Amino acid sequence: MKELEYPFDAEYIIKKRKSLRRSLLSKEGPRLKKRIAVLGGSTTNDIVVYLELFLLDQGIEPVFYQSEYGQYWQDAMFPGEELSSFAPDLVFIHTSNRNITAYPSVSSTPEEAQQLLEAEYSRFEQMWQKIAETYHCPIIQNNFELPFYRLMGNRDCYDHRGRTHFVTSLNERFYAYAREHEGFYINDLQFISSSYGLKAWSDPSYWNMYKYAMCVEAIPEFSFNLASIIKSLFGKNKKALALDLDNTLWGGVVGDDGVDGIQIGQETGVAQSYYEFQSYLKELKNLGVILTVCSKNDHENAIAGLQHPEGVLRPEDFIIIKANWENKDRNIVQTAAELNILPDAIVFADDNPAEREIVRAQVPGVAVPLMDSVEHYIIHLDRSGFFEVTNFSADDLKRNDMYKANAQRAAQQASFADYTDYLLSLDMKAVIDDFLPVYLQRITQLTNKSNQFNVTTRRYTTAEMEAVAASDDYIRLYGKLVDKFGDNGIVSVVIGHKNGTVLEMDLWLMSCRVLKRDMELAMLDTLVEKSRQQGIQTIRGYYYPTAKNHMVHDLYGRFGFAKVQEEEDGSTVWELSTEGYEAQNHVIAVSGNSEIG
Amino acid sequence: MDMKTIYAALNEVFRDVFDDDSIVVGPKTTANDIEDWDSLEHITLISAVEKRFKMKFKMGEISSMKNVGEMAQIIASRVK
C-alpha cells in the first residue's frame, strides 16, 4: 500500500490508522500469522498499532502480547500465565534510555562507572538468556538512543562519568552479544532517533505525560524500522533489483545524448550523485542482491552506457539485461521467470512515474519505490528495508555468481538435443547427508524463504532447527550441489519424523535455482536408503497448497508415491514403500558428509 | 481563524482519528460522548489536532482540557 511505503507521511498514517487497518485486513490473499510478544519499558500501544500496519502490508498478520506498562524485565524473568501460554514466534524488548536504572554520578571513579555498566548489562543479558531458553524464538532488542541532554557538554561523550559515554558503552556490550548469538537482533533505535532528530524525538513531554519513550509523531518511523527486521526474519525480503537506465543510473538519455553526453563520474554535482548511486548498487550486489536492467533502450546503447569509463557498474554486474521496447511490466514478469523467483521478490527502480505506475498496477507485489530525484535514490532504497540483512550466510555473498552460472547453463542447454545428455554434461556432484552444525543457519534460512518448491511451507526458527538437528526421532537431509559452472551451495532440505515404521515428512524443499536437474531424485534416493537402514517401511508425504507452491502439487506423485488421501482444500497425503524402491537419479554423483573436508 | 472554521476542521480530525463519519463535535463534547475516546486514543487525537492547526498544546493544557470547547478556545488563541 503506497501510504505505508517509505518515504511515508507519518502525520497521515497517525490520523488514518483505523481506516488503513480496515483496508489492509479486507485485502484478499494469504497472510503469515505470527505471534509477537512485546515486552516494554515504556508505553507500547502505538508502537504495536503501527507495527501491525507495516507488517500487514508485507503479508504478515501479527497477534500481539503486550506487557503491562514497564514490566519488561519481570515479564521476561517471571512470566505469568498469559505470556507462558502465548507461545511467541518472536520476542521484542522495547527499552530506551529511560529504562537505565543507574548512571554514574559526577563523583564516580572509573571503576565505579565500570561496575554500574556491568550491573546494567548483566540485567539485560540475564533476561535474554531466560527468553531464549524459555521460548526458543528470535529476540529483537532495542539499543539505546543518546541522552537528550549533556551535563558535561561535549565532554559527556568520552568522560567515564558522562551519560552519553555510558549509553554508548552499554550499546557496545549489546552489539558484542548480538555478534555472538544467533537469533538475537538489535533494533537500531540510536540510528533511527538520530536520523529523525534527537531533540524532537526525545521531547520529554511525551515521557512525562504518556510514558512514551519518543514523541508520538516519530512512532511510525520507529515501527517501520522494526518491521524491516521482522519481515526479513520471516522470509519477506526482496531478492532482486530491476533498474531503469536513463536518468536512473546516469543523467540524460544515452540514445539521444550519446555515451559522451550522459552524466556519470566526477565532472558535475549531478554526475557525482549518479556515481554515488552506482557505487551503492555495486555494494548491494556484493551483498548478494541480484541486479538486473529493465530499460526502454536499444540493447547496444544500454551496453554502451554501462561501459561508460567513469561509471562504477559494468554490464557483467547484471544477471539479466532487458533493454528493449517491450512494456516494462512484461519485462519484469519475464525477469522473474528467468531468475526463477516470484515477481514479489523484485524491486523496480525507475525515475519515470508513468513506468512506475504501470508496473505497480500490472505486476502485484513488486515493490516500486519513489525515485523522484537522484539525490534521494540511495536513501529511498536504503530506508525501505527491502534487503534488510538479518542472517548473513556465505551463500548470500556468492548468490550473484550462482545466478550468472545459471545463465551460462541455459546457454549450454540450447546446444544439446537430449536433455539427459545436457544434464550429464554439467558434471554434477552432490553431497547429501544428515545436517552438519556448520550448515544449520543456511538450512534454517532456506526453510524461511523457499515458497515455490516447498510441499509444506513449514518455517523453522534457529532454535527449532537446533532441536530437530539434535533429536534421534528425525531423518534429516541437506543437499549441496556443485557442477562445472560453479557451486550452488545448499539447495535442498528434507526432514521427516519417525512414527514407528513410518516416516512422516515434515518438509521437502528445494531452491528454484536447481530446478530440472534431478536433484530432488537424488535426495529421494538417499532418503529411502537412510530410511531402510533405520527400519522405516513406509514414507508418508504431505502436500499443503499455498498461493505459491503449485509446482510441487504432484511432487510425490512424480516420485512414485501413491495418493492415499485428498482434502477439499487441495491438501494431499502420499505413501511410498521403501521395499523394492529403485534409485531414480542417474545424472548426479552423490557422496556423504564423510567425503567433505 | 473563526470558531466556525475551527469546529469544521476539528470535526474532520475527529472523524479520521475515530474512523467514524457520524461524529459531530460541539463545545460540550467530551470523551464520554465518543466511544473509542480513551486515554490512548487521546494521544493520537492531540497529535492529529496539533498537526492540523500547526500548533502545539502546552503540557498543562492537555491534562486540564475538559471538553472540545476548551480545546477550540486554546486553538483560537494560538492560531491567527
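Residues numbered from 1 in each chain as written. Chains lettered and ligands numbered in written order. Predicted model: local features only at pLDDT ≥ 70, side-chain atom pairs only at ≥ 80, totals over all residues.

**Points about the interface of chain B and chain A**
- Tallying the contact residues gives 11 residues for chain B and 12 residues for chain A.
- Elements supplying a minimum of two residues to the side of chain B that touches chain A: helix H1 (3-18), helix H2 (39-53) and helix H3 (59-64) of chain B.
- With six residues, the single largest contributor to the side of chain B that touches chain A is H2(B).
- Its residues assigned to classes, the side of chain B that touches chain A shows six nonpolar, two polar and three charged. (Contact = placed C-beta atoms within 7 Å. Helix = DSSP H or I, 4+ residues; strand = E, 2+ residues; numbered from the N terminus. Nonpolar A, V, L, I, M, F, W, Y, C, P; charged D, E, K, R; others polar.)

**Things to note about the sheet that holds strand S6 (residues 240-243) of chain A**
Residue and element names in this part refer to chain A.
- Taken in spatial order, the four strands of this open sheet run S8-S7-S6-S9, and their pairing is parallel. Only two strands of the sheet have a single neighbouring strand rather than two, namely strand S8 (320-324) and strand S9 (346-349). If you compare each strand with its neighbour and ignore which way they point, the axes differ by 15° on average.
- In terms of strand pairing, strand S7 (residues 290-296) meets S8 through five bridges, oriented parallel. From the neighbouring strand, Ser 295 faces S8, where its bridge partner is Ala 323. (Pairing = 2+ DSSP bridges. Axes fitted to C-alpha atoms, helices over the stretch in contact; angles between N-to-C directions.)

**Description of helix H3 (residues 45-57) of chain A**
Residues and elements named next belong to chain A.
- An ideal rise of 1.5 Å per residue puts 18 Å on 13 residues; H3 measures up with 19 Å between its terminal C-alpha atoms.
- Of all the 13 residues making up H3, 11 are buried; the element is thus mostly covered by neighbouring parts of the structure.
- For H3, the complete set of buried residues consists of Asp 46, Ile 47, Val 48, Val 49, Tyr 50, Leu 51, Glu 52, Leu 53, Phe 54, Leu 55 and Leu 56.
- Summarising the contacts, the buried residues of H3 are in contact with helix H1 (10-15), helix H2 (17-25), strand S1 (32-40), strand S2 (60-66), strand S3 (90-94) and helix H11 (219-233). (Expected span 1.5 Å × (residues − 1). Buried ≥ 20, exposed ≤ 12 C-beta atoms within 10 Å, placed from the backbone.)

**Things to note about the environment of A:Tyr403**
All names here are of chain A.
- Inspection of the secondary structure assignment puts Tyr 403 in helix H18 (residues 394-413).
- According to the C-beta neighbour criterion, Tyr 403 is buried, with 23 such atoms within 10 Å.
- When the C-alpha atoms of Tyr 403 and Leu 32 are compared, they prove to be 28 Å apart, with 371 residues separating the residues in sequence.
- If we ignore the near neighbours within four places in the chain, the residues touching Tyr 403 are Ile 290, Ile 319 and Leu 339.

**Some thoughts on the pairing of strand S10 (residues 428-433) of chain A**
All names here are of chain A.
- Direction of pairing for S10 relative to strand S17 (residues 588-591): parallel, over a ladder of four bridges. Looking at the pairing, Lys 429 lines up with Ala 589 of S17.
- As defined by bridge partners, S10 adjoins strand S11 (residues 474-483) across five bridges and the pair is classed as antiparallel. When the bridges of S11 are listed, Ile 432 appears paired with Gly 479.

**Side note on the sheet that holds strand S14 (residues 538-543) of chain A**
All names here are of chain A.
- With respect to topology, eight strands assemble into an open sheet ordered S15-S16-S14-S13-S12-S11-S10-S17, the strand pairing being mixed. In the strand order of this sheet, the two ends are held by strand S15 (562-566) and S17, each with one partner. Averaged over all neighbouring strand pairs, the angle between strand axes comes to 25°, with direction disregarded.
- Here helix H20 (residues 440-449) sits on the sheet in contact with S11, strand S12 (486-499) and strand S13 (502-510), set at roughly 80° to S12.

Functional significance is not addressed by these values, which are geometric in nature.
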